[in-house]
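Residues per chain are reported as follows:
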Amino acid sequence: MKESLMDIICCPLDKQELELDATETDDEEVLAGTLTCTECGETYPIEDGIPNLLPPDMRDVEA
Ligand SMILES: [Zn+2]
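Positions within a chain are numbered from 1, following the residues in the order the chain's sequence is written. Under the rules for a predicted model, residues below a pLDDT of 70 receive no local features and side-chain atom pairs below 80 are neither given nor counted, while totals for whole chains, interfaces and linings still include all residues. Hydrogens and waters are ignored; side-chain quantities use all the structure's heavy atoms.

**With respect to the pattern of salt bridges**
What counts, and what does not: Whenever Lys or Arg places a side-chain nitrogen within 4 Å of a carboxyl oxygen from Asp or Glu, that contact is recorded as a salt bridge. Helix and strand labels come from DSSP, where a helix needs a run of H or I of at least four residues and a strand needs a run of E of at least two; each type is numbered from the N terminus. Burial classification: accessible surface area is computed with a 1.4 Å probe over protein chains only, and a residue below 20% of its type maximum counts as buried, one above 50% as exposed, and the rest as partly exposed.
Throughout the structure, instances matching the rule amount to 1 salt bridge. For Lys2, the salt bridge identified is with Glu29, shortest N-O distance 3.2 Å. Of this pair, Lys2 sits in the segment before β1 (18–26) while Glu29 sits in strand β2 (residues 29–37), and the two are 27 residues apart along the sequence. A residue is classified by how much of its surface remains accessible, and Lys2, at 44% relative accessible area, is partly exposed. Its relative accessible area of 26% is what places Glu29 among the partly exposed residues.

See below:
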């Protein structure tokens, strides 16, 4: 994901801002890291450059 995407995406639970903690970047692209909600503290993983903004209770569900 582009770092500029931070202006667009928000916490799916309360629509508050997310804080980016990038562990792996390539130029302006964030490949891996964590997004943390500034309001509720929920964390969302970024894997392979794709932010997973599903609420926690919707993750890990076998399709
Ligand atoms: Zn939140």
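**Let's talk about the environment of Glu39**
This is how it is decided: Contact definition: two residues touch when any of their heavy atoms are within 4.5 Å.
Mapping Glu39 onto the fold places it in the loop between β2 and β3 (43–47). When the C-alpha positions of Glu39 and Glu24 are compared, they lie 24 Å apart, and in sequence the two are 15 residues distant. Ignoring sequence-local partners within four residues, the contact set of Glu39 consists of Asp14 and Gln16.

**Remarks on the sheet that holds strand β4 (residues 50–51)**
As a general point, the strands of a sheet are linked pairwise by backbone hydrogen bonds and lie either parallel or antiparallel. This is how it is decided: When DSSP finds at least two bridges between two strands, those strands are taken to pair.
Spatially, 4 strands are ordered β1-β2-β3-β4 in an open sheet, and the strand pairing comes out antiparallel. Strand pairing shows two members of the sheet lacking a second neighbour, β1 and β4, which therefore form its edges. Examined bridge by bridge, β1 and β2 share 8 bridges and lie antiparallel to one another. Within β2, the residue paired with Ala22 across the bridge is Gly33.

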